[in-house]
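Take a look at the letters that make up each chain.
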Amino acid sequence: MKIIAYGIRDDERPYLDQWSQAQGIEVKAVSALLDEETAALAKGYDGAVVYQQKPYTAAVLDQLAANGVTNLSLRNVGVDNVDAEAVKRNGFKVTNVPAYSPAAIAEFTVTELLRLLRRTPTFDRKQAQGDLRWAPDIADELNSMTVGIVATGRIGRAALKIYQGFGAKVIAYDVFHNPELEKQGIYVDTLDELYAQADVISLHAPATKDNNKMLNADAFAKMKDGVWILNPARGALIDTDALIAALDSGKVAGAALDVYENEVGIFNTDFGSFDNIPDERLKNLMKRDNVLVSPHIAFYTRTAVKNMVQYALNNNRQLIETGKADNEVTF
Ligand code: NAD
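Residues numbered from 1 in each chain as written. Predicted model: local features only at pLDDT ≥ 70, side-chain atom pairs only at ≥ 80, totals over all residues. Heavy atoms only, no water.

## A few points about the site of the ligand
Moving on, step 1. The full set close to the ligand counts 21 residues, and Arg154, Ile155, Asp174, Pro232 and Asp258 are the nearest of them.
Moving on, step 2. The backbone of Phe299 places a nitrogen or oxygen atom 3.1 Å from an oxygen atom of the ligand.
Moving on, step 3. Protein coverage of the free-state accessible area of the ligand, which is 870 Å², stands at 82%.
Moving on, step 4. Classifying every residue of the shell around the ligand gives 12 nonpolar, five polar and four charged. (Near = heavy atom within 4 Å. Polar contact = N/O pair within 3.5 Å; in protein donor to acceptor, adjacent residues only side chain to side chain. Areas by Shrake-Rupley, 256 points an atom, 1.4 Å probe, with all protein chains shown as cover. Nonpolar A, V, L, I, M, F, W, Y, C, P; charged D, E, K, R; others polar.)

## Quick look at the domain arrangement of the protein chain
Moving on, step 1. Segmentation of the protein chain into domains returns domain 1 (2–100 + 302–322) and domain 2 (102–293).
Moving on, step 2. Computed over C-alpha atoms only, the centres of domain 1 and domain 2 are separated by 33 Å.
Moving on, step 3. Taken together, the contacts link four residues of domain 1 with four residues of domain 2.
Moving on, step 4. Of the roughly 390 Å² buried between domain 1 and domain 2, counting both surfaces, carbon and sulfur atoms make up 63%.
Moving on, step 5. In terms of surface lost to domain 2, no three residues of domain 1 exceed Gln53, Ala99 and Tyr100, which account for 70% of the buried area on that side.
Moving on, step 6. Counting across the domain 1 and domain 2 interface gives zero salt bridges.
Moving on, step 7. Where domain 1 meets domain 2, there are zero residue pairs in polar contact (both at pLDDT 80 or more).
Moving on, step 8. Its residues assigned to classes, the side of domain 1 that touches domain 2 comprises three nonpolar, one polar and no charged. (Domains from an automatic or database assignment. Contact = heavy atoms within 4.5 Å. Buried area = accessible area lost by both parts, 1.4 Å probe. Salt bridge = Lys/Arg side-chain N within 4 Å of Asp/Glu carboxyl O.)

## Describing the packing of aromatic side chains
Moving on, step 1. One pass over the full model with this rule turns up two aromatic pairs.
Moving on, step 2. Both rings, one in Tyr100 and one in Phe299, keep their centres 6.2 Å apart while their planes meet at 75°; by these two values the pair is edge-to-face. Linking Tyr100 in the loop between strand E5 (93–95) and helix H4 (102–117) with Phe299 in the loop between strand E11 (291–293) and helix H12 (302–322), this pair joins segments that are 199 residues apart in sequence.
Moving on, step 3. Among the residues examined, Phe299 registers a relative accessible area of 12% and is labelled buried.
Moving on, step 4. Plain terms: the ring middles of Phe299 and Tyr300 are 5.7 Å apart, the flat faces sit at 55° to each other, and that makes the pair tilted. (Phe/Tyr/Trp six-rings, centres within 6.5 Å; stacked < 30°, edge-to-face > 60°. Helix = DSSP H or I, 4+ residues; strand = E, 2+ residues; numbered from the N terminus. Buried < 20%, exposed > 50% of the residue type's maximum accessible area, 1.4 Å probe, protein only.)

As structure tokens, then:
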């Protein structure tokens, strides 16, 4: 058995080598992403492991199939960039990694909230200028707040435990109610109820057709004055212009954004200087002490990267050996 792994970064390499040695299976690692040209590299392999934001178009998948590879294992969750028709037409088997470390995202989310509440960015900036005064940057305490969690999936539940560990009151909204959490009585029936009660809103929902720009001007108007917004989920959940207006008016006290609606091609890129970042609204947000923008790094831990690589390789091996896998995605 031989597997080819596309788009392998330096930080993934040790986990790939470790798996290959432990399993005694040859894995060819290439740094190039999978596209119409690089698909030819897969000739002679039994499966391909991939991760990229670039689309897996019909042309790319046709090429891969023409080179004899139809076992495709993604190292991430989302499969929205995979051409479903080409998958079916070529008889591809596709797997994803549905969860690689919910704790990584949950821990990062709460870390960012605490930085906001304790005014850490402001104190860092003041101290760098030799200003060691306290006022006017008085902080707030999480233990006396109500946190509203939108979506109690794997990440939402991991965040919930941490918030409760800090002594915060937690309420939650989800289209599906987790039976264990239901017993705790934490669910509200509508988003409006959550908006009305929450001091902090922690978003953990996937982006769907129904929740595009769910945090818009209407939603902000229904929230408490001085609410804190956390989005480590998907940029599409927030109307950026409405958020900027709500920050300007003080309706929103601050925000931590690990995702952004136009992040593709911007995040995980070195522009050489702040001025060169080609997005004015993003720079507007980044300039504020009460907004923490991070380039989609909540997941980026050693544990998560190891799991993404090794779970995907396990999935690919399963596909090759049995024609089926636990994490097979149906198109
Ligand atoms: P999950 O599948 O375990 O849970 C998703 C939850 O969302 C489910 O409980 C579902 O019922 C709920 N849901 C779906 N649509 C909803 C809606 N319209 N309103 C309210 N709830 C809704 O997913 P997860 O592993 O917890 O991941 C959650 C999201 O986190 C992902 O979809 C992704 O967008 C994001 N994410 C971000 C990073 C990062 O690095 N920042 C990494 C991984 C995932």
